[in-house]
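What follows is each chain in one-letter form.
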Amino acid sequence: MKLSKAIGTVLLCCLLLLGTALALVTGLLRFFVLNPHFYQAFVPSASYCSELRARIGENLDHVAILYGLEEGVLTEVVTDADIRSYTGALIDSLFDDATTDTLTLPSFPKEAFSDYLRAHTAYSEQAISDFSEDCAASVNDDLAAINLSLLVSGFSRLRSSRLALLSPVLLLASLALIGVLIAMTATVHSESPRTGAVAIFGGLFLGISTVFVPVMVFWLFDYIGRLNLAVSAFRTILVGILSTALYGCLAVLGMLLGISFILLVIACAFAAKGKKPKTKKVR
């Protein structure tokens, strides 16, 4: 390989690395980190609902004792459907354009509490109404800590950042750049397409690794699990949102990294196979 071609290949690989990394960062930001539908679908998992129900149930026991019920009976009244509905409404409020400094919290549904007391006691409708109000107020007090300025301002600043606003344009531009660089690399190595394939898949692999490694380090050191927050409903919600974003990005990056690595190994194998040793002719 000529020196000029080698230098050009290195430059193209470096540009391909940068283009791939930019496409991944903007794509993950657009379709995962700043996508409320993604959080609504994956945050309220079974473990999330179970943990949040336990946090909510701690104060509901005081209401249960006040109305002559046993401790723990109201914990099961809070269903997974209620938690999913509340979490979905909370995420919608968090990603609302009107949310900048303060967060308007949705009210937790109280119908299940009144239905439970009506089915298990002979209390009057006024007592049932008071009971459901007290239960809903207890749950809302537990969840009121979500109105934390750090979380609200963090999401607000991220949504209004220049990178987030320009992410669709940057994503399309970086994808177009990747296509052009792949075509240029293939043209440079038109006489040796196997070498060109190694350069192309190598650049893609390095670009994906550039984004994958920091995310992987963030997961390995468990920075989310080490948040200095007391055990509470707020911590459950915050950890659920952050973990969903982290695992979603990690899954996509891991899949792309695996595919690019396999393609790179195949390209290297074909390139090595194509270089047959020259044999001297025997006169």
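Summary of the structure given here. (Residues numbered from 1 in each chain as written. Predicted model: local features only at pLDDT ≥ 70, side-chain atom pairs only at ≥ 80, totals over all residues. Heavy atoms only, no water.)

## Side note on the packing of aromatic side chains
1) Next: Counted under the stated rule, the structure contains ten aromatic pairs.
2) Next: Relative to F155, the ring of F95 has its centre 5.3 Å away and its plane inclined at 75°; by these criteria the two rings are edge-to-face. Of this pair, F95 sits in the loop between α4 (80-94) and α5 (111-120) while F155 sits in helix α7 (residues 149-160), placing them 60 residues apart in sequence.
3) Next: In this structure F95 comes out as buried when scored by relative accessible area, which is 11%.
4) Next: Taking the relative accessible area as the measure of exposure, F155 reaches 9% and is therefore buried.
5) Next: Geometrically, the ring pair formed by F205 and F261 is tilted, given 5.8 Å between the ring centres and 45° between the ring planes. You can see F205 sitting in helix α10 (residues 193-220) and its partner F261 sitting in helix α11 (residues 233-274), a full 56 residues away along the chain.
6) Next: The class of F261 is partly exposed, set by a relative accessible area of 43%.
7) Next: Taken together through their ring pairs, the aromatic side chains of F32, F38, Y39, F42, F95 and F155 make up a single cluster. (Phe/Tyr/Trp six-rings, centres within 6.5 Å; stacked < 30°, edge-to-face > 60°. Helix = DSSP H or I, 4+ residues; strand = E, 2+ residues; numbered from the N terminus. Buried < 20%, exposed > 50% of the residue type's maximum accessible area, 1.4 Å probe, protein only.)

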